[in-house]
Amino acid sequence: MEKIVFVGAGSMAEAVIAGICKQGTVKTENVFVMNRADEARLEFLQNTYGISIVSSDKNELRSADLVVLATKPKDINTAMEQISSLVNKHAVILSVLAGISIATIESGLGKHPIARSMPNTSAAIGKSATGVSWNSSISSEEKQEILNLLSSIGIVAEVEEDDLHAVTALSGSGPAYVYYLAEALETAAIRAGIEQPIARDLIIQTIEGAACMLRQTQEEPSLLRENVTSPGGTTEAGLQALTSGGFHEAVFSCIQHAEKRSRELGSDTVKESTSSS
Ligand SMILES: NC(=O)C1=CN([C@@H]2O[C@H](COP(=O)(O)OP(=O)(O)OC[C@H]3O[C@@H](n4cnc5c(N)ncnc54)[C@H](O)[C@@H]3O)[C@@H](O)[C@H]2O)C=CC1
Ligand SMILES: O=C(O)[C@@H]1CCC=N1
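Residues numbered from 1 in each chain as written. Chains lettered and ligands numbered in written order. Predicted model: local features only at pLDDT ≥ 70, side-chain atom pairs only at ≥ 80, totals over all residues. Heavy atoms only, no water.

### A few points about the UniProt feature "domain: Pyrroline-5-carboxylate reductase dimerisation" (unreviewed entry) in the protein chain
Consideration 1: Mapped onto the present numbering, the UniProt feature "domain: Pyrroline-5-carboxylate reductase dimerisation" (unreviewed entry) falls on residues 161-265.
Consideration 2: For residues 161-265, the end-to-end C-alpha separation is 15 Å, with 83% helix and 0% strand making up the annotated structure. (UniProt positions renumbered as here; feature names shortened; annotations may be inferred. Helix = DSSP H or I, 4+ residues; strand = E, 2+ residues; numbered from the N terminus.)

Below, the structure is given as structure tokens:
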């Protein structure tokens, strides 16, 4: 896919742009970006990644091979109204929006080949964990091109469309849970007397080391946990505190609430488009 237009120029668009530009997946001069109103933001992306800004007549959409939808879910109906008459009828559409169904995109833009994906912000360093599903109009060549593009920003799993809500809860939002854990560990470490920069370094290495152990050893997380946990030792004492603090219930509830919210984002958008038509 030669020419790519990003509709929406926020954090997720930047993470994908950074990933594909760094990996050399596409030529930067063939990547265009537009947003609602923030010229300074577009200039920042242009200066940082060497990509181009969509012109005021949005003519680039007419010749785009791939249009990436990257607005907030609440803004997608308006965005689709603004671009639908301009988008090249052969263009593949790649959505990164939480909750928004393929059917909603088809009703906004017509019958295009559509890939609905859920990456995460680690795309910026080629480490996204992305889920993707397809509509029936997409060809196997187009699927392969999207898989190549998404693989350049991390790992990709093809899933049923309905499972994207759970994928969103798990790996779309997932980096935030890990950062939240890092914040809590750092606060606790400082309270225990460790200097902040030292605490930060130890935490980063601990998270990275544990993730690498999971990948490289291919062992069960429970076995790796048991290997750390000496009977009557410090880890056992720490884990007991997590268990009695409701750790499992909290994690279960976290994923459940995030998944539910993803479903709501989709149905809010459908309601909004029905009430405005
Ligand atoms: N931030 C994250 O970690 C992730 C976000 N997502 C999804 O990515 C999408 C974007 O999220 P963020 O980048 O965080 O949001 P953001 O608020 O940073 O960016 C949204 C962008 O859309 C633009 N926009 C709004 N209306 C527009 C219109 N009519 N035409 C053109 N551009 C328009 C805004 O100007 C802004 O540049 C969301 O749908 C979210 O669900 C998916 C995975 C992870
Ligand atoms: O919080 C959100 O709704 C988006 C989707 C996944 C990550 N951020």
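What follows picks up the thread again.
### Quick word on the site of ligand 1
Consideration 1: Neighbouring residues of ligand 1: 21 residues in total, closest A9, S11, M12, T71 and Q82.
Consideration 2: In the environment of ligand 1, an oxygen atom lies 2.8 Å from a nitrogen or oxygen atom belonging to the backbone of M12.
Consideration 3: The contact in question runs from an oxygen atom of ligand 1 to an N or O atom on the backbone of R36, over 3.1 Å.
Consideration 4: With the chains in place, 83% of the 840 Å² that ligand 1 exposes on its own is no longer accessible.
Consideration 5: Elements that contribute at least two residues to the shell around ligand 1 include exactly helix 1 (11-23) and helix 3 (76-83).
Consideration 6: Taken together, the residues that form the shell around ligand 1 break down as 11 nonpolar, 7 polar and 3 charged. (Near = heavy atom within 4 Å. Polar contact = N/O pair within 3.5 Å; in protein donor to acceptor, adjacent residues only side chain to side chain. Areas by Shrake-Rupley, 256 points an atom, 1.4 Å probe, with all protein chains shown as cover. Nonpolar A, V, L, I, M, F, W, Y, C, P; charged D, E, K, R; others polar.)

### A word on the pattern of salt bridges
Consideration 1: Here the structure, examined in full by the defined rule, presents 11 salt bridges.
Consideration 2: A salt bridge links R200 to E186, with the shortest nitrogen-to-oxygen separation between them at 2.5 Å. Separated by 14 residues along the polypeptide, R200 in helix 8 (residues 196-217) and E186 in helix 7 (residues 174-191) bring together distant segments of the chain.
Consideration 3: For R200, a relative accessible area of 40% puts it in the partly exposed group.
Consideration 4: The class for E186 is buried, based on a relative accessible area of 11%.
Consideration 5: With its nearest N and O atoms 3.0 Å apart, the salt bridge here joins R263 to E259. Within this pair, R263 and its partner E259 are both found in helix 11 (residues 247-276), separated by 4 residues, close to a single helical turn.
Consideration 6: On the accessibility criterion, E259 (22% relative accessible area) is partly exposed. (Salt bridge = Lys/Arg side-chain N within 4 Å of Asp/Glu carboxyl O. Buried < 20%, exposed > 50% of the residue type's maximum accessible area, 1.4 Å probe, protein only.)

### Thoughts on the environment of Q82
Consideration 1: Within the secondary structure layout, Q82 lies in helix 3.
Consideration 2: Sequence spacing of Q82 and G108 is 26 residues, and the spatial spacing of their C-alpha atoms is 9.9 Å.

### A look at the sheet that holds strand 6 (residues 114-118)
Consideration 1: Strands sit in the order 3-2-1-4-5-6-7-8 across an open sheet of 8 strands; the sheet is mixed. Either end of the sheet is taken by a strand with one partner, and the two such strands are strand 3 (52-53) and strand 8 (154-158).
Consideration 2: Of the strand pairs in this sheet, strand 7 (residues 128-134) and strand 8 are connected by 5 bridges, and their pairing is parallel. Bridge pairing in strand 8 links A129 to I155.
Consideration 3: In the packing of helix 6 (residues 164-172) onto the sheet, the strands contacted are strand 6 and strand 7, and the crossing angle to strand 6 comes to about 40°. (Pairing = 2+ DSSP bridges. Contact = heavy atoms within 4.5 Å. Axes fitted to C-alpha atoms, helices over the stretch in contact; angles between N-to-C directions.)

### A closer look at the domain arrangement of the protein chain
When the parts of a complex come together, some accessible area is lost, and that lost area is often used as the size of the interface.
Consideration 1: Domain boundaries assigned for the protein chain yield domain 1 (4-159) and domain 2 (174-256).
Consideration 2: Centre-to-centre separation of domain 1 and domain 2, based on C-alpha positions: 34 Å. (Domains from an automatic or database assignment.)

### Some remarks on the UniProt feature "domain: Pyrroline-5-carboxylate reductase catalytic N-terminal" (unreviewed entry) in the protein chain
Consideration 1: In the numbering used here, UniProt assigns the "domain: Pyrroline-5-carboxylate reductase catalytic N-terminal" (unreviewed entry) feature to residues 3-99.
Consideration 2: End-to-end, the C-alpha atoms of residues 3-99 are 26 Å apart, and along that stretch the chain is 33% helix and 19% strand.

### A word on the packing of aromatic side chains
Consideration 1: Inspection of the entire model under this criterion finds 0 aromatic pairs.
Consideration 2: In this structure, K3 packs its charged tip against the face of F32, placed 5.1 Å from the ring centre. (Phe/Tyr/Trp six-rings, centres within 6.5 Å; stacked < 30°, edge-to-face > 60°. Lys NZ or Arg CZ within 6 Å of the ring centre and 35° of its normal.)

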